[in-house]
Protein chains: 2
Amino acid sequence: MKPTIYDIAKKAGVSAATVSNVINERGRVGDKTRKKVLAIMDELQYRPNTAASVLKGKAAFTIGFFVPDMLNPVYMEYVKHAEERAQERGFSIMMCSTENDPVKERLQADVLRQKNVDGFIITSKFQNEELLREIEREQYPSVCIAHERPDFQFDSVSGNDWEAGIMAADYLFSLGHTNIAMIAEKDSVSSYGRIEGFKERFRKKEMKQPLIRYAEASIDQAKAMALNLLKQDDRPTAVFGGNDVLAVGIMQAARTLGLSIPEDISVIGLDDTFLCQIVSPQLTAIAMPVKKISYRAVDLLIEQIEKGGTLKSTDLFPPVVIERDSARKL
Amino acid sequence: MKPTIYDIAKKAGVSAATVSNVINERGRVGDKTRKKVLAIMDELQYRPNTAASVLKGKAAFTIGFFVPDMLNPVYMEYVKHAEERAQERGFSIMMCSTENDPVKERLQADVLRQKNVDGFIITSKFQNEELLREIEREQYPSVCIAHERPDFQFDSVSGNDWEAGIMAADYLFSLGHTNIAMIAEKDSVSSYGRIEGFKERFRKKEMKQPLIRYAEASIDQAKAMALNLLKQDDRPTAVFGGNDVLAVGIMQAARTLGLSIPEDISVIGLDDTFLCQIVSPQLTAIAMPVKKISYRAVDLLIEQIEKGGTLKSTDLFPPVVIERDSARKL
DNA sequence: TTGAAAGCGCTAACAC
DNA sequence: GTGTTAGCGCTTTCAA
């Protein structure tokens, strides 16, 4: 059997409480006693049983991470960095894909709470608002990542979507483009800001509004949309993909039509996932600081867990243009 | 406070034991009683506390998944499918990246055991053999995924690496190539089989052995290696990437040298991750049935958890050639 | 068919 | 400084 504090205690000739004290560095324990206990713990390869301490009300050191959408690698990048940071801080990540399905979200949220995860990281496409309200009401430690929820009291950490939209427009303007289209993601909270920022810039310049088409975050859907767009008489000279997956779809559509990038058409993406470096030509993109966002989200969540209570802080990281080879000066 | 079985019991006018019995569908409970209890559980939104039942010795319904290497998307695909299957079977996944670091492996394995995960899924690049021995000794439910460990008693589920190597060679031969090189992954158990299968075919045909170079699974390293390879006088007409990441590196090297694919040089990959569909031209690859492997691994692990004991089964799924546009007939 | 009671491994208040 | 004790929420044997 796996050793318990009692085994350690007996062998060290002390009580379980003392062992517990040395483990948690609490109370006053004599130096000799501590060393002895430590030595025996080591000898017996003792590992405290988290279930027991959780039952007593201590943290589980585990964070539930909802992944909405496996089609878009950006979520995996969020998870990956979150896990990295969580590990540094002594936490584990339970990954839960919900596939934009409110029923799955409910199911998994229930499971995670049963398993006593200390808090949630909620990604941008979370659907089940009723559940969100419930989590808010329970004051379950939670942070929204990659999007804001102004209607809720959650802390949020995200890239500035609105600004990203603006930057996309400005960047394309600076290259001399005026006939520009955008393919945006459907049903995503963060997509909205990206679109609005983008349009805003056209309004400000009193230019005719850009053509906007909607697609799910899949290469094929974006490709289909883009194919349609690029066959028009008055073909845009530049297309902005609301996220990298969409941009890759656009690139494939261009290629299918025999259009070369960036000679015949410029394409830019948004997020700056590793997709950008894999396609050819490499994709110019508005980069969201995914790693920073993940790290900050984990840190904020842990703060909530340790201190209790939300701060209703809204961290907004600025995006930045990463120039590569998919867009050119007109 | 969150309701406990006692709250349910009190409200239903029964004992906690009875509530437990209806939750677990155990023992004999009167039909009326059960319905009443169920109704109250629903009303109070009762969710059993996993920590308590784990403490009593029941399963945690959680699987620890070691991710060795975030650079290669194939591992994320394994995780993704494993999580999908686990969810179907009522399990959660705790994701743990170890970055090929034996120290991290040890740390995380300890953490996961403390947290009472029911078993491990171990990926191909796991380094810490001493730890593996320990896990084996403890008979901790575990399955090796995407590689075999003949020296250990673990169940394993993988694609047939050796056959994949053979298929790569045969496929390239069938296209008329004879001057072929391979860039293989360093320090990976599965890489070995791929290389040996590949070489075997040359031996059988009594051809001169292919040039083999080694690189970490990073695009840049593969690119550097490939650059070197493709500058030689007697440049190969085809290069086989030991995995998709490597193949993408090779493609980039070719492009850098102004070589067009597949006209000047054919490239094929192995694994068939989504990278293959994103690059252009799309990458012909030997596909490993990643999803099947993940599903089977989860199922096997759950079987171990439920039944106890390893079966020492070695599942080997056959690879298959997926023809796309990166290789041509000579 | 149901209930009483002990105990899983750990923590924390309190007593010594 | 160290030990005693009660109890976290649940399961399970045994008795009723």
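All values derive from a computational prediction rather than experimental measurement. (Residues numbered from 1 in each chain as written. Chains lettered and ligands numbered in written order. Predicted model: local features only at pLDDT ≥ 70, side-chain atom pairs only at ≥ 80, totals over all residues. Heavy atoms only, no water.)

A few words now on the packing of helix α8 (residues 161–174) of chain B against helix α9 (residues 189–204) of chain B. Residue and element names in this part refer to chain B. With their axes 6 Å apart at the nearest point, α8 and α9 run at an angle of 40 degrees to one another. Of the possible angle classes, the one that applies to α8 and α9 is oblique. At the point where α8 passes α9, the crossing takes the right-handed sense. Across from Asp161, Trp162, Gly165, Ile166, Ala168, Ala169, Asp170 and Phe173 in α8, the residues of α9 making contact are Ser190, Gly193, Arg194, Glu196, Gly197, Phe198, Glu200, Arg201 and Phe202. A class-by-class count of the residues in the contact of α8 with α9 yields 7 nonpolar, 4 polar and 6 charged. (Axes fitted to C-alpha atoms, helices over the stretch in contact; angles between N-to-C directions. Helix = DSSP H or I, 4+ residues; strand = E, 2+ residues; numbered from the N terminus. Parallel < 35°, antiparallel > 145°, perpendicular 65-115°, else oblique. Left-handed = near helix turned anticlockwise from the far one by under 90°. Contact = heavy atoms within 4.5 Å. Nonpolar A, V, L, I, M, F, W, Y, C, P; charged D, E, K, R; others polar.)

With that settled, consider the side chain of B:Asp315. All names here are of chain B. With respect to the helices and strands, Asp315 occurs in strand β11 (residues 314–317). Assessed through its relative accessible area of 15%, Asp315 is described here as buried. The residues contacting Asp315, other than those within four sequence positions of it, are Ser156, Val157, Ser158 and Arg296. (Buried < 20%, exposed > 50% of the residue type's maximum accessible area, 1.4 Å probe, protein only.)

Here we come to the side chain of B:His81. Along the polypeptide, B:His81 turns up in helix α5 (residues 73–88). With sequence-adjacent residues up to four places away left out, B:His81 is seen in contact with B:Val290, B:Lys291, B:Ser294 and B:Tyr295.

It is worth spelling out the UniProt feature "domain: HTH lacI-type" (unreviewed entry) in chain A at this point. What UniProt calls "domain: HTH lacI-type" (unreviewed entry) maps, in this numbering, to residues 3–57 of chain A. Structurally, residues 3–57 of chain A is divided into 65% helix and 0% strand, and its ends, taken at the C-alpha atoms, are 22 Å apart. (UniProt positions renumbered as here; feature names shortened; annotations may be inferred.)

Sheet architecture is open: 12 strands sit in the order β11(A)-β5(A)-β4(A)-β3(A)-β1(A)-β2(A)-β2(B)-β1(B)-β3(B)-β4(B)-β5(B)-β11(B), paired in mixed fashion. For this open sheet the edge positions go to β11 (314–317) of chain A together with β11 of chain B, each flanked by a neighbour on one side alone. Sheet twist, expressed as the average angle between the axes of neighbouring strands with direction ignored, equals 20 degrees. By the bridge criterion, 3 bridges tie strand β2 (residues 92–97) of chain A to strand β2 (residues 92–97) of chain B in an arrangement that is antiparallel. Within β2(B), the residue paired with A:Met95 across the bridge is B:Ile93. (Pairing = 2+ DSSP bridges.)

What follows deals with unusual backbone geometry. For the bond from A:Ile261 to A:Pro262, the omega torsion is 5 degrees, close enough to zero to count as cis. Among the secondary structure elements, A:Pro262 is positioned in the loop between α11 (244–256) and β9 (266–271). One non-glycine residue, A:Glu206, lies in the positive phi region at around 55 degrees. Tracing the sequence through the fold places A:Glu206 in the loop between α9 (189–204) and β7 (211–215). Here B:Asp271, not a glycine, exhibits a phi torsion of approximately 130 degrees, which is positive. Relative to the elements of secondary structure, B:Asp271 occurs in strand β9 (residues 266–271). Take B:Asp271: its relative accessible area is 3%, and that puts it in the buried class.

Now for the environment of A:Thr18. Position of A:Thr18 relative to the elements: it lies in helix α2 (residues 16–24). Residues A:Thr18 and A:Leu107, spaced 89 residues apart in sequence, show a C-alpha to C-alpha distance of 41 Å.

Taken as a whole and judged by the stated rule, the model has 52 salt bridges over all chains. Two residues, A:Arg47 and B:Asp110, come together in a salt bridge whose shortest N-O distance is 3.5 Å. Taken together, the residues A:Arg47 in the loop between α3 (31–43) and α4 (50–55) and B:Asp110 in helix α6 (residues 102–114) connect one chain to another. If you follow the salt bridges from partner to partner, you end up with A:Arg47, B:Arg106, B:Asp110, B:Arg113, B:Glu134 and B:Glu138 in one network. (Salt bridge = Lys/Arg side-chain N within 4 Å of Asp/Glu carboxyl O.)

Here we take up the relation of the copies chain B and chain A. The pair of chain copies shares a relation made of a rotation about an axis and a shift along it. Overlaying chain B with chain A gives an RMSD of 0.0 Å, the required rotation being 180 degrees about an axis along which the chain moves by 0.0 Å. Look at the turn and shift together and you get a two-fold axis relating the two. A shared binding surface is used by both copies, with 100% of the interface residues of chain B retained as interface residues in chain A. (Least-squares fit on C-alpha atoms with pLDDT ≥ 70 in both.)

Around DNA strand C, the surrounding shell holds 25 residues, and the nearest of these are A:Ile5, A:Tyr46, B:Arg28, B:Gly30 and B:Thr33. Backbone atoms, meaning sugar and phosphate, form 61% of the atoms of DNA strand C found within 4 Å of the protein. The separation between a phosphate oxygen of DNA strand C and a polar main-chain atom of B:Ser15 is 2.7 Å. A distance of 2.8 Å separates a phosphate oxygen of DNA strand C from a polar atom in the side chain of B:Thr18. (Near = heavy atom within 4 Å. Polar contact = N/O pair within 3.5 Å; in protein donor to acceptor, adjacent residues only side chain to side chain.)

All names here are of chain A. In space, the 6 strands of this open sheet follow the order β7-β6-β8-β9-β10-β12, with mixed pairing throughout. Both outer strands of the open sheet, β7 and β12 (320–322), are each paired with one neighbouring strand and no more. Sheet twist, expressed as the average angle between the axes of neighbouring strands with direction ignored, equals 20 degrees. Alignment of strand β10 (residues 284–287) against β12, held across 3 bridges, turns out to be antiparallel. Along β12, the bridge assignment pairs Ala287 with Val320.

A few words on the protein's contact with DNA strand D. Neighbouring residues of DNA strand D: 26 residues in total, closest A:Gly30, A:Thr33, A:Lys56, B:Ile5 and B:Tyr46. Take the atoms of DNA strand D that sit within 4 Å of the protein: sugar and phosphate atoms are 59% of them. Take A:Gly30: an N or O atom from its main chain is 2.4 Å from a phosphate oxygen of DNA strand D. A distance of 2.8 Å is found between a base nitrogen of DNA strand D and a side-chain nitrogen or oxygen belonging to A:Lys56. At 4 residues, helix α2 (residues 16–24) of chain B tops the list of elements feeding residues into the surface near DNA strand D. Residue composition of the surface near DNA strand D, grouped by class: 10 nonpolar, 11 polar and 5 charged.

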